[in-house]
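Next come the chains, spelled out residue by residue.
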Amino acid sequence: MPSGERAEKIGISPANMSILKTGKAKALRLTTLDAICKALDCQPGDLLEYRAEPD
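Conventions we followed
Residues numbered from 1 in each chain as written. Predicted model: local features only at pLDDT ≥ 70, side-chain atom pairs only at ≥ 80, totals over all residues. Heavy atoms only, no water. Helix = DSSP H or I, 4+ residues; strand = E, 2+ residues; numbered from the N terminus. Buried < 20%, exposed > 50% of the residue type's maximum accessible area, 1.4 Å probe, protein only. Core = buried A, V, L, I, M, F, W, Y, C linked by side-chain atoms within 4.5 Å. Contact = heavy atoms within 4.5 Å.

J.: Can you help me understand unusual backbone geometry in this one?
T.: Leaving glycine out, the prevailing phi sign among residues is negative, and the prevailing peptide bond configuration is trans. One non-glycine residue, aspartate 41, lies in positive phi territory at about 50 degrees. By the element assignment, aspartate 41 lies in the loop between helix H3 (30-40) and helix H4 (44-47). Look at aspartate 41 and you get exposed, because its relative accessible area is 73%.

J.: Hey, could you run me through the nonpolar core in this one?
T.: Generally speaking, soluble globular proteins have nonpolar side chains that are buried together. Membership of the largest hydrophobic core is limited to 7 residues, which are Ala7, Ile10, Ile12, Met17, Ala35, Ile36 and Ala39. Elements with a contribution of two residues or more to this core: helix H1 (3-10) and H3. At 3 residues, the largest contribution of residues to this core is made by H3. Setting aside residues up to four positions removed in sequence, isoleucine 12 forms contacts with Ala7, Met17, Leu20 and Thr32.

Quick look at the structure:
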């Protein structure tokens, strides 16, 4: 599914979709996470990974 179509299905702008895809997002609303999981038929753990910030 193209990014623009995915963004529309989730209900976010293509610019925000790009920020999420590149890993540059500083925060993620739970409603957005919910919409992504519904659109992709997945669980939050399938999408998220914890990375510690360097000291």
